[in-house]
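# Coordinate analysis (summary)
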Amino acid sequence: MSQGTLSSKLSSGDGVSRRGFLKLGFWGATALTLGAGGAGLLTGCSGDPGPASGFDYLRQKDLELLRPLMAPLLAGGLEAVPGAGPDQALAAFDRLLAGGSDGARGQLFQLLDLLQLGAARWWLTGTWAHFADQEPTQLRDTLQTWADNDGGFARLAFKGLTQPLMMAWYVTPEGGRTTGYPGPPRNLAAKSA
Amino acid sequence: MQDLSQRKIQNIADPWANADDKWSVIDGATETGQRTLEADVVIIGTGAGGGVSAEILARRGLKVILIEAGRLRSSRDFTLNEGDAYRELYQEGTLRATQDGAITILQGRTVGGTTVVNWTSSFRTPGETLDHWRDRFGVTGTARADLDPYFQRMEERLGVEPWAMPPNANNDVIKRGCEKLGWDWSVIPRNVRGCWNIGYCGMGCPTNAKQSMLVTTLPAAMDAGATLIHSARAERLIHDGQKVTAVEVRPLDQRKQPTGGLLTVRAPTVIAAGGGIQTPALLLRSETPDPREQVGKRTFLHVTSFAFGHYDEEVAPYYGAPQSLHSDQFTFADGVDGAIGYKLEMMPLHPGLTAALLGGFGEPARQQVTELPRLAASIALLRDGFHEDSPGGTVSLRDNGEPQLDYPLSDYVLDGARRSLLSQVEMQFAAGARAVRPGHTRAPYYDSWKQAREAMATLPYQPLEVTLGSAHVMGGCAMGDEQRGLVDSQGRYRHLDNLYVFDGSVFPTSLGVNPQLSIYGLTARNAQALADRLKPA
């Protein structure tokens, strides 16, 4: 499956213009070292489907990539909120992205695109398999291997992905209260944004 | 257990409540066509520099137009929820970081700029810093004695006084730790009037006690006839190589996307006051004359390191005045231009920022974040830019014209990070912490200063290993003499006749103190001089 995913990405890569190449930026330049298929994927020129239903920024493929990571990442943080699941955390992440600029979001999406590549996952986490194809215990090991990877790029990618995901959950009022924080005073003049 | 969640805030006077009725306010989100506006002075940015400039110039009787990329939000809008605050009031949410991702940057993006979200610490620029600017960069007329009257004027204007109430438990760490170690410490002057001591300075003060530009200079300028255009990004300065003739402004919708409209603002005098990063970016987009290619160079952060102390008693680091005590034990310990010095302060902790700074994932991260009520967080502000090995960073433009900051972390800065972490860990153990963890991805909580000191000797002090952030951006359009300064000591851009830079980007180095009062004082001096030239009283 994972091998197939990469192959299909490789074969679906549309022609990459020179300008597209030049605009790849940091993550894209890294993808080049993983093969031209990565670069084709990252240009988004094969027709970006746009945000997933109910989301402003995250795309369906991002949700599929990130959903399995949320439980091992947040550990008890999700369970502490009654009824909360990975999709609530992903919705919080989508809200966090609303604060970003196009450029900042663009870099994050380049990273998410990169993580669609089996080769990139292998390089960063030592595991080729898509996150959705890993068991929860295996995902914990995957994240730990990634966190322990002392390559400069691996550190950047780990922080670049996990820091906003963690922050997004804990800036929500319900997530924040699970830390022991009682919450802010009530500004009666303010409408909840 | 401290719990302010049921405390009600109501009946707060909001100067912006009837803004549309009494003042000239243009919401960029409603601007979809093209039109031209004219003024005597156009000011780009409404933070510390723009706010002070606007008040002085508008009160002199000059027609002022202010341009602000952020949306107008006031105490009626401040929900005090972290997520709302970061999304609505900060640059790039909290996703702004240096190019290699190693330093997270917190900067305001709203009417009033960073003054709306800062933690109110108000220090005069250290004399050592001002003397260094004179000696190394040929800055003139900014000795401490020259600026003191302007600092005093702004302190009076903004209610700056040493905090008279007891510090919260988080800040008390400075007092206990420094007293035990025999280190310097003192009380922080804050720009507040009638502060409720609740701790939400970073999310927009809901009681309007903080004397930010939003509730002081900007309303005064509006009363004097200024026009505010908010949700509108100054795209570029239109110039002929000699003078700026107009500012091209792109109105933005609620999602910060261009509405398609275009505003052209014409004025014989133009003030750039977007702050470090934004002002250099505007000049780069405008391709202003810059024969020595200085724009955006020597941009400085107070690179900031962190340490977390775990205490037996409740700390409640989310409540109470966020910064009230500080230590200058190490600020100039090796002289002004020796090994990098650092100022010790505390920072408030709310859940989202705490989770981000603690880092990690899974059970250990969850365990640490749920200790929040008993955590204290110290910070060290590294005084970058004074040594020849500390050139700081460079602002450049992304393909879409947004700024980005490349800030390579030299061994000089990383050595400062290491020493500053040791100082903080030592201080927190001296203050009675049960366990202390330096902000470093590989560091656990240590149980004693002895254990910590030994273990910290083996940590790698590398970018993305050491947790670093910054809330202070300075430089990038430095003042100095003809050879070294992009602007002169009065803030006039040397290569365009009618362009002035009145913000933190004119500082030739970082400061060694939280920047707001330095920007207020210098801007008051320079804007006053400009007003005297444009329209003698």
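### Some thoughts on the overall build of chain A
A tally of regular secondary structure across chain A gives 12 helices and 1 strand. Taken over 193 residues, chain A has a buried fraction of 44%.

### Description of the overall build of chain B
Scanning chain B from N- to C-terminus turns up 13 helices and 24 strands. The globule rule puts the C-alpha radius of gyration for 537 residues at 24 Å, and the 22 Å found for chain B is close to it. Across the 537 residues that make up chain B, the buried fraction comes to 62%. Considering only residue pairs separated by 6 or more positions, chain B has 76% of its internal contacts joining residues 24 or more positions apart.

### With respect to the sheet that holds strand E3 (residues 34-38) of chain B
All names here are of chain B. The mixed open sheet is built from 4 strands, whose spatial order is E3-E13-E12-E11. Since the sheet does not close on itself, it has two edges, and those belong to E3 and strand E11 (232-239), each with one partner. Direction aside, the axes of adjacent strands within the sheet are offset by 25° on average. In terms of strand pairing, E11 meets strand E12 (residues 244-251) through 7 bridges, oriented antiparallel. Within the sheet, the bridge partner assigned to Ala234 lies in E12 and is Val249.

### Some details on the sheet that holds strand E4 (residues 41-44) of chain B
Residue and element names in this part refer to chain B. The 6 strands lie next to each other as E2-E10-E5-E4-E14-E24, forming an open sheet whose pairing is parallel. Whereas interior strands pair on both sides, the edge strands pair on one side only; in this sheet they are strand E2 (24-27) and strand E24 (499-501). Between one strand axis and the next, the sheet turns by 15° as a mean value, whatever way the strands run. For E4 and strand E14 (residues 269-272), the ladder comprises 4 bridges, and the chain directions are parallel.

### Description of the interface of chain B and chain A
The interface is formed by 54 residues belonging to chain B together with 48 residues belonging to chain A. Listing elements by their share of the side of chain B that touches chain A, those giving two or more residues are strand E1 (8-9), helix H3 (82-89), helix H9 (351-358) and helix H10 (362-369) of chain B. The biggest single contributor to the side of chain B that touches chain A is H3(B), with 6 residues. Within the side of chain B that touches chain A, the residues separate by chemical class into 21 nonpolar, 16 polar and 17 charged. Summarising the sheet, strand E1 (residues 186-187) of chain A and E1(B) pair through 2 bridges and their orientation is parallel. Along E1(B), the bridge assignment pairs A:Arg186 with B:Lys8.

### Some words on helix H7 (residues 86-98) of chain A
The terminal C-alpha atoms of H7(A) lie 19 Å apart, and with 13 residues this matches the ideal 18 Å at 1.5 Å per residue to within 8%. For H7(A), the complete set of buried residues consists of A:Ala89, A:Leu90, A:Ala92, A:Phe93, A:Arg95, A:Leu96 and A:Leu97. As for H7(A), its buried residues are in contact with helix H5 (60-74), helix H6 (76-79), helix H8 (102-114), helix H11 (152-170) and helix H12 (173-177) of chain A together with H3 of chain B.

### What about helix H2 (residues 48-59) of chain B?
Side chains three or four residues apart in an α-helix point the same way, a direct result of the helix having 3.6 residues per turn. Residue and element names in this part refer to chain B. Here H2 spans 17 Å end to end across 12 residues, near enough to the 16 Å set by a 1.5 Å rise per residue. Of all 12 residues in H2, 11 are buried; the element is thus mostly enclosed. Residues Ala48, Gly49, Gly50, Gly51, Val52, Ser53, Ala54, Glu55, Ile56, Leu57 and Ala58 constitute the buried set of H2. Gly61 sits one or two residues past H2 and shows a positive phi near 95°.

### Quick look at the pairing of strand E15 (residues 299-310) of chain B
Residues and elements named next belong to chain B. In terms of residue burial, E15 counts as a mostly covered element, since 11 of its 12 residues are buried. Relative to strand E23 (residues 473-475), E15 is paired through 3 bridges, and the arrangement is antiparallel. Its bridge partner being in E23, Thr299 is matched across the sheet by Gly475. As judged from the 9 bridges shared by E15 and strand E18 (residues 375-383), these two strands associate in the antiparallel manner.

### Quick word on the nonpolar core
If you look at the biggest cluster of nonpolar residues, it comprises 211 residues, and the most contacted ones within it are B:Val42, B:Ile44, B:Val64 and B:Ile67. The residues contacting B:Ile67, other than those within four sequence positions of it, are B:Val42, B:Ile44, B:Ile229, B:Ala232, B:Ala234, B:Val247, B:Val249 and B:Val265.

### Observations regarding the pairing of strand E19 (residues 394-397) of chain B
The pairing of E19(B) with strand E20 (residues 403-406) of chain B spans 4 bridges and is classified as antiparallel. Bridging across to E20(B), B:Thr394 finds its partner in B:Asp406.

### Considerations on the packing of helix H11 (residues 411-430) of chain B against helix H12 (residues 449-456) of chain B
Each packed pair of helices is defined by two parameters, the angle between the axes and the distance between the axes. Residues and elements named next belong to chain B. Where H11 contacts H12, the two axes come as close as 10 Å, and the packing angle between them is 165°. In terms of their interaxial angle, H11 and H12 are classed as roughly antiparallel. Considering how the two elements wind past one another, H11 and H12 form a crossing that is right-handed. Residues Leu421, Leu422, Val425, Glu426 and Phe429 of H11 pack against Trp449, Ala452, Arg453 and Met456 of H12. For the contact of H11 with H12, a count of residues per class yields 7 nonpolar, no polar and 2 charged.

### Description of unusual backbone geometry
Residue and element names in this part refer to chain B. Even without a glycine there, the phi angle at Asn208 is positive, about 60°. Position of Asn208 relative to the elements: it lies in the loop between strand E9 (189-191) and helix H7 (217-223). A positive phi angle is found at Glu293, which is not glycine, with a value near 50°. Turning to its location among the elements, Glu293 is positioned in the loop between helix H8 (278-286) and E15.

### Concerning the packing of H2(B) against helix H13 (residues 516-534) of chain B
Residues and elements named next belong to chain B. With their axes 8 Å apart at the nearest point, H2 and H13 run at an angle of 35° to one another. The chirality of how H2 crosses H13 is right-handed. Residue-level inspection shows Ala48, Gly49, Val52, Ser53, Ile56 and Leu57 of H2 in contact with H13, the latter providing Gln516, Ile519, Tyr520, Thr523, Ala524, Ala527, Gln528 and Ala531. Classifying every residue of the contact of H2 with H13 gives 9 nonpolar, 5 polar and no charged.

### Digging into the environment of A:Ala168
Residue and element names in this part refer to chain A. Following the sequence through the fold, Ala168 ends up in helix H11. Looking at Ala168, the number of C-beta atoms within 10 Å reads 26, which means it is buried. Linking Ala168 and Ala89, residues 79 residues apart in sequence, is a C-alpha distance of 7.3 Å. If we ignore the near neighbours within four places in the chain, the residues touching Ala168 are Ala92, Phe93, Arg95 and Leu96.

### Considering the environment of A:Leu156
Within the secondary structure, A:Leu156 is located in helix H11. The class of A:Leu156 is buried, set by 20 C-beta atoms lying within 10 Å. Leave out the neighbours within four places in its chain, and A:Leu156 touches B:Asp100, B:Gly101 and B:Leu464.

### Structural notes on the confidence of the model for chain B
For chain B, per-residue confidence averages 97 on the pLDDT scale, and 100% of positions sit at 70 or higher. At the level of chain-chain contacts, confidence expressed as ipTM amounts to 0.95, with global pTM at 0.94.

What counts, and at which threshold
Residues numbered from 1 in each chain as written. Chains lettered and ligands numbered in written order. Predicted model: local features only at pLDDT ≥ 70, side-chain atom pairs only at ≥ 80, totals over all residues. Helix = DSSP H or I, 4+ residues; strand = E, 2+ residues; numbered from the N terminus. Buried ≥ 20, exposed ≤ 12 C-beta atoms within 10 Å, placed from the backbone. Rg over C-alpha atoms; globule rule 2.2 N^0.38 Å. Contact = placed C-beta atoms within 7 Å. Pairing = 2+ DSSP bridges. Axes fitted to C-alpha atoms, helices over the stretch in contact; angles between N-to-C directions. Nonpolar A, V, L, I, M, F, W, Y, C, P; charged D, E, K, R; others polar. Expected span 1.5 Å × (residues − 1). Core = buried A, V, L, I, M, F, W, Y, C linked by C-beta atoms within 7 Å. Parallel < 35°, antiparallel > 145°, perpendicular 65-115°, else oblique. Left-handed = near helix turned anticlockwise from the far one by under 90°. pLDDT = per-residue confidence, 0-100.

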